[in-house]
Amino acid sequence: MVSRSCANFLDLSSWDLLDFPQTQTQRSLPRVMTVPGIVSELEGDGSSDVNSSTGSHERKIIVANMLPLQAKKDAETGQWCFTWDEDSLLIQLRDGFPSDTEFVYIGSLNADIAINEQEAVSQKLLSEFNCVPTFLPKEIQEKYYRGFCKHHLWPLFHYMLPMFPDHGDRFDRRLWQAYVSANKIFSDRVMEVINPEDDYVWIQDYHLMVLPTFLRKRFNRIKLGFFLHSPFPSSEIYRTLPVRDDILRGLLNCDLIGFHTFDYARHFLSCCSRMLGLDYESKRGHIGLDYFGRTVFIKILPIGIHIGRLESVLNLPSTAAKMKEIQEQFKGKKLILGIDDMDIFKGISLKLIAMEHLFETYWNMRGKCVLIQIVNPARASGKDVEEAKREIYVTAKRINERYGSPGYEPVILIDRLVPRYEKTAYYAMADCCLVNAVRDGMNLVPYKYIICRQGTPGIDKAMGTSRDSPRTSMLVVSEFIGCSPSLSGAIRVNPWDVDAVAEAVNLALKMSEAEKRLRHEKHYHYVSTHDVGYWAKSFLQDLERASQDHYNKRCWGIGFGLSFRVLSLSPSFRKLSIDHIVSTYRKTERRAIFLDYDGTLVPESSLVKTPTAEVLSVLKSLCEDPKNTVFIVSGRGWESLSEWLSPCENLGIAAEHGYFIRWGSKKEWETCYTSAEAEWKNIVEPVMRSYMDATDGSTIEFKESALVWHHQDADPDFGSCQAKELLDHLESVLANEPVVVKRGQHIVEVKPQGVSKGLAVEKVIHRMVENGNSPDMVMCIGDDRSDEDMFESILNTVTNPDLPMRPEIFACTVGRKPSKAKYFLDDVSDVLKLLEGLGAASSSSKPEYGQESSSSSSSQTHVAFESII
């Protein structure tokens, strides 16, 4: 079924994505639940057959490329018949939940359903299987799956770049457009059945990596998880993808992103850092990325297998018969088992070459061991696959001719569709399992091997084996597959080092029975306790935790097309209204105004840091009002600030985060520190210099009050790593010094204790109170982390017992982002408009020339101001 919103996709994008012919549209499925107050008309014939549920009912909506169904058309009746695919992961993951948990599956069918049959099939699947099919037009399906997924994403994620036209396909934007179109159709189907307040949506694998963007755009608070079943490549590989940012942003629109291994997660985090400038942190064992106020959590957990399914096959009579046959056929020989897809990344040819080295190096193995290599049918076709297949057969033939003998073949290739019971029999009888993939997302073959080697009471009885007999298994696995980190008892190998693989196989076959038993017990304990049910339950528990604060924050959707994201902030966080603050400003008699400099009065991106004439004019206007005490609170040095702001005579300056304070251009600079107290610099400087020399792109900034190590121009990963090391190093050598070591945005700073913008603000307010001019309005505007100290400080003044009255507080950050401030302004231009509004209010309240009483009042106020400074 093709959703009509596919045709409207151009409305969501900032560039021309679709150029596909329109296909006939079937009536959409009735939506089960919608968002209260945001019910949209169904697309199609304009009718609104929306069924709203009463009461909440939490469901798990699983979205994958393919539905866990097998489809077959009855030749006599012409009707489609469907059955569950019991081997599908999507079915097996239900074992982790109570039997009454409701699952809804959304995906495509592995069958070509005629357009005139799609409506009936959809209704049948929904009512009988709780499945919602996505019928993609043939052209989109071909370009989306076989084009972009299999010829772009899959090779790239397995570290294969299209360096030459005959070895991989170059990026084709038409295939990308089809990928986006397919994801949009999937999102339409999700929207038709979701109850966004209660349901959890779990997206599977790389086929649907921009789907989260469409869903998050429609439902800002949707509870959304994603699990990647393939590797995620290093940033050097991933950054070659022309649409890299769109895919990263798509994944970041989830609440929880899952990976099999920490390596994959680390590569993803590195890409987010290098390409989007995002940092991550670990809190109580959970890795989180702050993305526009939302915390996107990272889950690391390898998938497991369905043990019950495997054991049921083990107990089949056909399995026992095949095991006896294998036992008789290979009597007196050691069996090495390999089960791999016909795939260029499975390393089958390298495995065979390693076996050739085994027979060549360890001559005593000749005639005593056999490699059974089962080759599953290829999932994709192409020149590379054909070349790999030809090399496998040539190598196997060479080995058998050289080291074989009548009645003995060292390598047996089984290149056909092997029944499940036969594979299970080989698993159970193999002395060693060899998995030699050069790159694989997970690979569950070792897990299945371990379970089959453990056996069951049924198979033990059939084989005449005592249940108490020791169980053994030996694994030789590539270090480049996802299951390798979880198998600590396996012999890990580099598949490209065929000599090392041969040595590992020899070691595995000659290992003592006691050690084999210990390794097997360790593996069996892990595999049996981390099955597919455990994996699914653990992921959805973390998804529930990751999305529990959705309705505690306000959300704004920002960005167009695939750049869409949600800004999530505190409910009390709102834009500072000029009318509101001007109204308060007019009513108050004593005001304290604190302004940051960089990023607040001057754009952070500006190369010219001197203030504009507009900035100086508005500052002068505010300072000339005797009711105002205005301070610039900045991390910059006092020389530059003093020079730039000299036209504003009554302007106070707190330089270097308050280390130096001056109450006006005619006043002296104040500091409570002496040069003798700065001896710590002699300790810090050589340490920082050593890290600067070792970290290309880093610099040291020398201030009178502080030393700052900058690494914004260094390699992001290395710079961050070095910053952490420098922080630890400085904290240890400065443990007895009166300084603090802080890590900020691309900096590590050492400064005296008691120096911060927050303390500078407190000093100014305290001086005002001492002079009998307690403020009845305090406004503070800043844009970065150091300004958060100011916000916290002025908010604490509300509860200060020294203040005779509670002042009006306006803490405002520049930019919509998480902050301790309760207000925000979008940018520097908004700040200047606000200050101009306040300046105009000051000017309009000044007495006209010649009015004696007003002039007298003004004179008294001016004297009060002079007493402060």
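Residues numbered from 1 in each chain as written. Predicted model: local features only at pLDDT ≥ 70, side-chain atom pairs only at ≥ 80, totals over all residues. Heavy atoms only, no water.

Asks: Sorry, what's going on with the side chain of Ser486 here?
Replies: Its location among the elements puts Ser486 in the loop between β16 (475-478) and β17 (491-493). For Ser486, a relative accessible area of 15% translates into the label buried. A distance of 2.8 Å separates a polar atom in the side chain of Ser486 from the backbone oxygen of Cys483. Among all residues touching Ser486, those that are not within four sequence positions of it are Pro302, Tyr447 and Tyr526. (Helix = DSSP H or I, 4+ residues; strand = E, 2+ residues; numbered from the N terminus. Buried < 20%, exposed > 50% of the residue type's maximum accessible area, 1.4 Å probe, protein only. Polar contact = N/O pair within 3.5 Å; in protein donor to acceptor, adjacent residues only side chain to side chain. Contact = heavy atoms within 4.5 Å.)

Asks: Looking at this structure, I do not really get the packing of aromatic side chains. What am I missing?
Replies: Given two aromatic rings, their pairing is described by the distance between the two centres and the angle made by the two planes. Summed over all chains, the structure comprises 34 aromatic pairs. Residues Tyr659 and Phe660 carry aromatic rings whose centres are separated by 4.8 Å and whose planes lie at 80 degrees to one another, so their mutual orientation is edge-to-face. The class of Tyr659 is buried, set by a relative accessible area of 8%. Ring centres of Phe810 and Tyr823 lie 5.8 Å apart, and the angle between their planes is 35 degrees; this geometry places the pair in the tilted category. One end of the pair, Phe810, is in strand β30 (residues 808-814); the other, Tyr823, is in strand β31 (residues 823-825), with 13 residues separating them in the sequence. Through a chain of ring-to-ring contacts, three or more aromatic side chains come together here, namely Phe157, Tyr206, Phe232, Tyr238, Phe259 and Phe268. (Phe/Tyr/Trp six-rings, centres within 6.5 Å; stacked < 30°, edge-to-face > 60°.)

Asks: What's the story with helix α5 (residues 211-218) in this structure? I'm lost.
Replies: Residues spaced three or four apart along an α-helix point in a common direction, a consequence of the helix completing one turn every 3.6 residues. Burial analysis of α5 places six of its eight residues in the buried class, which makes it a mostly covered element. Burial in α5 covers these residues: Leu211, Pro212, Thr213, Phe214, Leu215 and Arg216.

Asks: Just to check I follow, could you spell out a negative patch on the surface for this structure?
Replies: On the surface, a cluster of negative charge is contributed by Glu360, Asp497, Asp499 and Glu503. Assignment of secondary structure puts Glu503 in helix α16 (residues 498-510). Residue classification places Glu503 among the partly exposed residues on the basis of a relative accessible area of 49%. (Patch = residues over 30% accessible without salt bridge, like charges linked within 9 Å, V, L, I, M, F, W, Y side chains within 5 Å. Areas by Shrake-Rupley, 256 points an atom, 1.4 Å probe, with all protein chains shown as cover. Salt bridge = Lys/Arg side-chain N within 4 Å of Asp/Glu carboxyl O. Lys, Arg positive; Asp, Glu negative; His and termini not counted. Charge placed at Lys NZ, Arg CZ, Asp CG, Glu CD.)

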